Amino acid sequence: MADFDVLIIGTGSGNSIVNHRFDGLRVAIAEEWHFGGTCLNVGCIPTKMFVRAADVAEDAKTAQAVDVEARYEGVEWDRLRERIFGRIDAIEADGRDYRTHRQDNVTVFAEHVAFTGPGSFATASGERFTAERVVIAAGSTPRDPQIAGIDGARIDSDGYPVHTSDSIMRLPSPPRSLIILGSGYIAMEFAHIFAGLGTEVTVVVRGPRLLGDLDEDVSAAFTKIFADSHSVRFGLEAERVEVGGPGGVSVALSPTGRVADATAQSLQADALLIATGRVPNTAALDAQAAGIDVREDGRIAVDAYQRVLAGGEPLPGAFALGDVSSPFQLKHVANHEARVVKHNLLADIAAGAPGSAPVGDLEEVNHHAVPAAVFTRPQVASVGETEAALRERGARCVAHTQPYSSTAYGWALNDETSFVKVLADPATRLILGAQIVGPEASIIIQPLIQAMAFGQRADDVAQHQYWIHPALTEVIENALLGLDFDAD
Ligand SMILES: Cc1cc2nc3c(=O)[nH]c(=O)nc-3n(C[C@H](O)[C@H](O)[C@H](O)COP(=O)(O)OP(=O)(O)OC[C@H]3O[C@@H](n4cnc5c(N)ncnc54)[C@H](O)[C@@H]3O)c2cc1C
Ligand SMILES: NC(=O)c1ccc[n+]([C@@H]2O[C@H](COP(=O)([O-])OP(=O)(O)OC[C@H]3O[C@@H](n4cnc5c(N)ncnc54)[C@H](O)[C@@H]3O)[C@@H](O)[C@H]2O)c1
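Residues numbered from 1 in each chain as written. Chains lettered and ligands numbered in written order. Predicted model: local features only at pLDDT ≥ 70, side-chain atom pairs only at ≥ 80, totals over all residues. Heavy atoms only, no water.

Some points on the overall build of the chain
On a plain count of helices and strands, the chain comes out with 12 helices and 23 strands. At 24 Å, the chain has a C-alpha radius of gyration in line with the 23 Å of a compact globule built from 488 residues. With the C-alpha coordinates of the chain rotated into their principal frame, the extents come out at 70 × 65 × 45 Å. Here the chain holds 488 residues, and 51% of them are scored as buried. Restricting to contacts in the chain with at least 6 residues of sequence separation, those with at least 24 account for 63%. (Helix = DSSP H or I, 4+ residues; strand = E, 2+ residues; numbered from the N terminus. Rg over C-alpha atoms; globule rule 2.2 N^0.38 Å. Buried < 20%, exposed > 50% of the residue type's maximum accessible area, 1.4 Å probe, protein only. Contact = heavy atoms within 4.5 Å.)

Written as structure tokens, this is what we have:
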């Protein structure tokens, strides 16, 4: 008999699986780092708490746009950091204590766990055990771009001025100046946080645009707005970093050849933030010891039921979820996948032998209409496919872009740059995607997400419900009304 009925590796979304329905089972939970994983400790939650402070600071700095005199006089960094991590660290400690000391059927391995074979495992300290079923919820880690002069082992360590999102929020004081490498979600959110709170921020980007996964027109519009109010160097990459000296870091930049007038230069700053993507935590799991299939980009291969694949077939009793296996590195997706895994794991347990649950008893994952938002300034939100992707796969589509300034609330904001772009199928009138750049984008996109999720037609959504006047959501109503279904 195996030592455990179920092993969960990782306490991000994986931690939500074990509830009262597992009471009669012998459960092991492995966590080598902070309980609660990325989102709680170093991701979504603390960043948005810092973003809120930066938003208030920016509101003060830009109050003149609505004829108000206000001044930003600085941040109480210690208090802000303490308020944020005082709350978060207490939740982490309580979650750890609950699993470790208050659940008789749960054993916590507070260390690294790796496969030694299918169903067999070893901890970093050498303990070996077996588990009948396993959930791999091991998440992802910041990618180290391996730039000459940076000691990879010292990134995020005390006193070393090269950071990732794992350490930058816990600094004892905000850096006076900060260089950020990258142009994705993390780069944009931290540029907003630190620039908003008073740090001199320079963003270094390899290509000509920021948030390059958006449609080109949307990304170009965002890039213009952002670069007008932030320092951004385009078409450059870090060739060498010198650490130390009064400047903290000196970064030699060389042209990538993607922007015509980019020239070699060097930048100095107190600190460097690496925001060049995240890689799934697959390698250290020794997944190959269990014969597990790993995709080219490092993700663990799963099927539509979140069952882990080995040699193209489900490995009996093994499931995976979240950043370690998902095409979306988003917390709401990891949580959805965790709910699917919980259902399928319980169905598998009820069926008897691992892997014996009939497919009819299993839930399929739903990756339709996955939304995301970047909490920068301006906010960016998106759902569904881009126009470029739709055109590339030959799908019929009509597009309409509606400026915030066409609505009364846009006038209240005195906004001249924000907009909503919607894409719809002219035959079915279903919404295929949307991208929004502007204040509250993450909130006002929700009716479009809902319409996509429930298969509601664009014209029905626009016309067959009330839209509060003069709320900002009127820009969504007008964007939908603006779709010309005969244009395609
Ligand atoms: C700065 C930042 C901001 C973000 N903001 C947002 C946002 O606003 N909205 C959003 O939707 N998403 C956001 N994300 C992404 C989101 O945080 C992740 O998609 C989500 O947390 C992934 O959850 P997970 O459960 O897959 O992994 P994680 O939460 O990373 O959990 C995995 C856990 O497994 C542990 N582990 C790994 N391997 C082992 C092992 N072998 N043995 C023992 N333990 C192991 C790790 O220590 C970790 O605690 C953000 C990410 C970052 C970095
Ligand atoms: N609000 C949110 O939902 C939120 C916030 C933060 C992070 N996240 C998630 O975390 C993931 C990781 O975020 P991220 O911003 O690190 O990744 P990303 O994939 O969004 O962006 C990575 C950026 O780094 C650039 N890059 C890659 N290698 C580089 C190199 N060697 N030198 C310079 N630039 C390089 C890429 O071109 C890209 O612009 C995101 O994909 C997202 O899913 C979500």
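Next comes the rest of the description.
Points about the sheet that holds strand 8 (residues 162-163)
Sheet strands line up and pair through hydrogen bonds in the backbone, either parallel or antiparallel. Ordered in space as 8-15-9-10-11, the five strands form an open sheet in which the pairing is parallel. The open sheet has two free edges, formed respectively by strand 8 and strand 11 (231-233), since each of these has just one partner strand. Strand direction decides the pairing type here: strand 9 (residues 177-181) and strand 15 (residues 271-274), joined by four bridges, are parallel. Bridging from a neighbouring strand, leucine 181 pairs with isoleucine 274 of strand 15. Those strands touched by helix 4 (residues 185-197) are strand 9, strand 10 (200-204) and strand 15, and its axis lies near 165° from that of strand 10. (Pairing = 2+ DSSP bridges. Axes fitted to C-alpha atoms, helices over the stretch in contact; angles between N-to-C directions.)

Observations concerning the layout of surface pockets
Its boundaries defined by the atoms lining it, the second largest pocket holds a volume of some 1,000 Å³. Surrounding the second largest pocket, 31 residues form its lining, Asp59, Thr62, Arg377, Asp415 and Pro439 being those nearest its centre. Mapped by element, the contributors of at least two residues to the lining of the second largest pocket are helix 2 (44-61), helix 5 (216-229) and helix 8 (408-413). For the lining of the second largest pocket, the element with the highest residue contribution is helix 2, accounting for six residues. Grouping the amino acids of the lining of the second largest pocket by side-chain chemistry returns 12 nonpolar, nine polar and 10 charged. (1 Å grid on protein atoms, 1.4 Å probe; cavity = no way out; pocket = protein on both sides within 12 Å on 5 of 7 lines; lining within 4 Å. Points joined across faces, edges and corners; volume = space filled by probe spheres on them. Nonpolar A, V, L, I, M, F, W, Y, C, P; charged D, E, K, R; others polar.)

Some points on the UniProt feature "binding site: FAD" (unreviewed entry) in the chain
Per the UniProt record, "binding site: FAD" (unreviewed entry) is annotated on Lys48 and Asp323. Within the annotated group just given, the residues that line the second largest pocket are Lys48. Along the chain, lysine 48 falls in helix 2. Residue class for lysine 48 comes out partly exposed when judged on its relative accessible area of 24%. Filtering out sequence-adjacent residues up to four positions away, lysine 48 remains in contact with Glu189 and Phe375. Relative to the elements of secondary structure, aspartate 323 occurs in the loop between strand 18 (313-320) and helix 6 (331-351). Sequence-distant contacts of aspartate 323, defined by excluding residues within four places in its chain, comprise Gly139, Ser140, Arg278, Pro280, Arg299, Phe328, Gln329 and Leu330. A distance of 2.8 Å separates the side chain of aspartate 323 from the side chain of serine 140, its partner in a polar contact. (UniProt positions renumbered as here; feature names shortened; annotations may be inferred. Polar contact = N/O pair within 3.5 Å; in protein donor to acceptor, adjacent residues only side chain to side chain.)

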